[in-house]
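# Per-entry structural report
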Amino acid sequence: MLYHELGSTGEKVSILGFGCMRLPTRGHHDKIDEVKSSQLLDHALENGVNYLDTAYPYHGISNSEGGNSEVFIGEYLHQRDMHSQIHLATKLPTWLLQEPVDMDRFLNQQLKRLKTDQIDFYLLHSLKEKNWFRLEDLGILDFLDSAVADGRIKYTGFSSHDGTAFFKEVVDSYQWDMCQLQYNYLDEQIQVGKEGLEYAAEKGIGTVIMEPLKGGALANYVPPEVKKLWEGFNRTPAEWAFRYLWNIPQIHVVLSGMNTMEQLMENLKIAEEGHPDSLSPQENEVMQQVKQAYKDKIAVECSACGYCMPCPSGINIPQCLSYLNQAAMLNDISNIKSQYYFMLKDTEHASKCLECGLCEEMCSQKLPIREKLKEVKETLGD
Ligand SMILES: NC(=O)c1ccc[n+]([C@@H]2O[C@H](COP(=O)([O-])OP(=O)(O)OC[C@H]3O[C@@H](n4cnc5c(N)ncnc54)[C@H](OP(=O)(O)O)[C@@H]3O)[C@@H](O)[C@H]2O)c1
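For the structure given in this document, a descriptive report is provided here. (Residues numbered from 1 in each chain as written. Predicted model: local features only at pLDDT ≥ 70, side-chain atom pairs only at ≥ 80, totals over all residues. Heavy atoms only, no water.)

Note that side chains of opposite charge can pair when their charged atoms are close. By the definition in use, this model includes 24 salt bridges. With its nearest N and O atoms 3.1 Å apart, the salt bridge here joins Arg 80 to Asp 42. Residue Arg 80 is found in the loop between α2 (68–79) and β5 (87–92), and its partner Asp 42 is found in helix α1 (residues 34–46); the two are separated by 38 residues along the sequence. Its relative accessible area of 25% is what places Asp 42 among the partly exposed residues. (Salt bridge = Lys/Arg side-chain N within 4 Å of Asp/Glu carboxyl O. Helix = DSSP H or I, 4+ residues; strand = E, 2+ residues; numbered from the N terminus. Buried < 20%, exposed > 50% of the residue type's maximum accessible area, 1.4 Å probe, protein only.)

One can find His 59 in the loop between β4 (51–53) and α2. Assessed through its relative accessible area of 1%, His 59 is described here as buried. The residues touching His 59, leaving out its near neighbours within four places in the chain, are Cys 20, Met 21, Arg 22, Leu 23, Thr 25, His 29, Asp 30, Ile 32, Gly 67, Asn 68 and Ser 69. (Contact = heavy atoms within 4.5 Å.)

Here the focus is helix α3 (residues 101–113). Between its terminal C-alpha atoms α3 stretches 18 Å, which fits the 18 Å expected from 13 residues at 1.5 Å a residue. Turning to α3, the residues buried within the fold contact α2, β5, β6 (119–127), α4 (129–138), α5 (140–149) and β7 (153–160). Of the residues one or two after α3, Lys 115 is the one with positive phi, at around 55°. (Expected span 1.5 Å × (residues − 1).)

In terms of residue burial, β7 counts as a mostly covered element, since seven of its eight residues are buried. When β6 meets β7, the two strands line up parallel, connected through six bridges. The partner of Phe 121 across the bridge, within β7, is Tyr 155. Sheet topology places β7 next to strand β8 (residues 178–182); four bridges connect them, and they run parallel. Bridge pairing links Gly 157 to Met 178 in β8. (Pairing = 2+ DSSP bridges.)

A few words now on the environment of Val 101. Inspection of the secondary structure puts Val 101 in helix α3. In this structure Val 101 comes out as exposed when scored by relative accessible area, which is 55%.

A few words on the packing of aromatic side chains. Geometrically, a pair of aromatic rings is defined through the distance of the ring centres and the angle of the planes. Scanning all chains against the criterion turns up 14 aromatic pairs. A centroid spacing of 5.4 Å and a plane angle of 20° characterise the contact between Phe 242 and Trp 246, whose relative ring orientation is stacked. Taken together, the residues Phe 242 and Trp 246, both in helix α10 (residues 237–246) and four residues apart, mark about one turn of the helix. On the accessibility criterion, Phe 242 (0% relative accessible area) is buried. Ring geometry for Tyr 340 versus Tyr 341: centroids 5.1 Å apart, planes at 75°, classification edge-to-face. Classification of Tyr 340 by relative accessible area gives buried; the value is 1%. An aromatic cluster is present here, built from Phe 158, Phe 167, Tyr 174 and Trp 176 joined pairwise through their rings. Just above the ring of Tyr 199 sits the side chain of Lys 168; from NZ or CZ to the centre is 5.0 Å. When the ring centre of Trp 240 is taken as reference, the NZ or CZ atom of Arg 235 above it lies at 5.4 Å. (Phe/Tyr/Trp six-rings, centres within 6.5 Å; stacked < 30°, edge-to-face > 60°. Lys NZ or Arg CZ within 6 Å of the ring centre and 35° of its normal.)

There is a patch of like negative charges on the surface, built from Glu 129, Glu 136, Asp 137 and Glu 169. By the element assignment, Glu 129 lies in helix α4. Look at Glu 129 and you get partly exposed, because its relative accessible area is 46%. (Patch = residues over 30% accessible without salt bridge, like charges linked within 9 Å, V, L, I, M, F, W, Y side chains within 5 Å. Areas by Shrake-Rupley, 256 points an atom, 1.4 Å probe, with all protein chains shown as cover. Lys, Arg positive; Asp, Glu negative; His and termini not counted. Charge placed at Lys NZ, Arg CZ, Asp CG, Glu CD.)

A few words now on the packing of helix α14 (residues 333–343) against helix α16 (residues 369–380). The interhelical angle for the contact between α14 and α16, taken along N-to-C directions, is 115°, at an axis separation of 10 Å. Along the contact surface, α14 presents Ile 333, Ile 336, Lys 337, Tyr 340 and Tyr 341, while α16 presents Val 376, Thr 379 and Leu 380. When its residues are assigned to classes, the contact of α14 with α16 shows six nonpolar, one polar and one charged. (Axes fitted to C-alpha atoms, helices over the stretch in contact; angles between N-to-C directions. Nonpolar A, V, L, I, M, F, W, Y, C, P; charged D, E, K, R; others polar.)

Let us now look at the nonpolar core. Phe 18, Leu 52, Trp 132, Ile 140, Trp 176, Tyr 185 and Tyr 294 are the most contacted members of the largest nonpolar core, which has 109 residues in total. The contacts of Tyr 185, once residues within four sequence positions are left out, are Leu 218, Trp 230, Ala 241, Tyr 244, Met 287, Val 290, Lys 291 and Tyr 294. Of all hydrophobic cores here, the second largest spans 11 residues; its members include Tyr 51, Phe 121, Tyr 155 and Leu 255. (Core = buried A, V, L, I, M, F, W, Y, C linked by side-chain atoms within 4.5 Å.)

Not every one of the 28 residues close to the ligand is listed here, only the nearest: Arg 22, Asp 53, Leu 213, Gln 263 and Asn 267. Take Lys 214: an N or O atom from its main chain is 3.3 Å from an oxygen atom of the ligand. For the ligand, whose free accessible area comes to 900 Å², the fraction covered by protein is 88%. Put simply, the parts of the chain that give the shell around the ligand at least two residues each are α8 (217–220), β10 (253–256) and α11 (261–271). The element best represented in the shell around the ligand is α11, accounting for three residues. (Near = heavy atom within 4 Å. Polar contact = N/O pair within 3.5 Å; in protein donor to acceptor, adjacent residues only side chain to side chain.)

The structure is reproduced here in structure tokens:
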């Protein structure tokens, strides 16, 4: 296993982290298969993985209740007396905070669930532009200061799926130790993106990558045009995706939600070669062609500049168009559909369009947005 220093924390973290959002289950999402999950973790830890990522709602029945991932991980580490050897990250469910006392309440509950008196990396989960000011008003940054001071948290961080500008604003608002962002070779220009990653790394903030395989799509739903470009290289799609990320010096940890021993063993093997700047010029060139092949399949040339917003009906137009593009690029419609419903509120969906056309007047690319929103509705449902 290779290790990186996580930003200015100086902590030596394995370049492959174990994402505990997709542990093997027994039928239902909230029923973790403890035997299989323990076997996976045993093997990962024996082979040098020292970073585990969980969160309050993982493996729960809804986002508003504590799931079983934290409980399972707490028990797993406690039984093996391994808390001190592992960098454990979990997250405060920011969307459930109503009043200042909630922050202490969640943290104390999470410490109990994780069977520890200190959480190594405590992240504000899924920060969004629309709730950030409310969280600041609740005193969330003072809360982090006090939890570090009294030792309940060792390092602070946040995760976000919002855009680059908001991400940079959050980066600048506090002395963060680390952050977590979605990044893979298709997502360099959406969400936080390359610009955000480089900004955080420049400031000495540790960078942890989520969804490196786009939730599995980049390994399991590769279109034939892309497979053709990889002919003759003897690398799997997962290997291309991980090597692409570890090639980037600003990336410290790549999390993967592995749920079979085969996936884990493959990812451990790929990690052995995951040195920064290690792809050959020819491999870099192929990856540029791969990105282009995906781009050629996109449905709408939206640059997510946001000029079309706000929509009077409340639709999140750039996000709707982004999901339309993902549906066109990847042969993975059911996963894209579930993300479309999970990540956007009902009021933000394309089906709310009243065809007023204000967005088209503002669009910097002069896109036929009303037509495209109809396509979103046809493709992803009403
Ligand atoms: N902070 C946040 O808001 C947030 C959001 C998302 C994720 N996360 C964290 O980030 C972690 C990583 O994200 P992710 O789970 O989405 O990672 P990912 O690696 O993009 O997707 C995981 C899926 O990829 C597939 N996979 C993994 N290795 C493979 C291999 N070698 N070959 C083929 N398929 C492979 C599996 O899919 P199949 O099961 O379909 O085979 C697995 O479930 C999560 O587990 C979670 O801890 C945080």
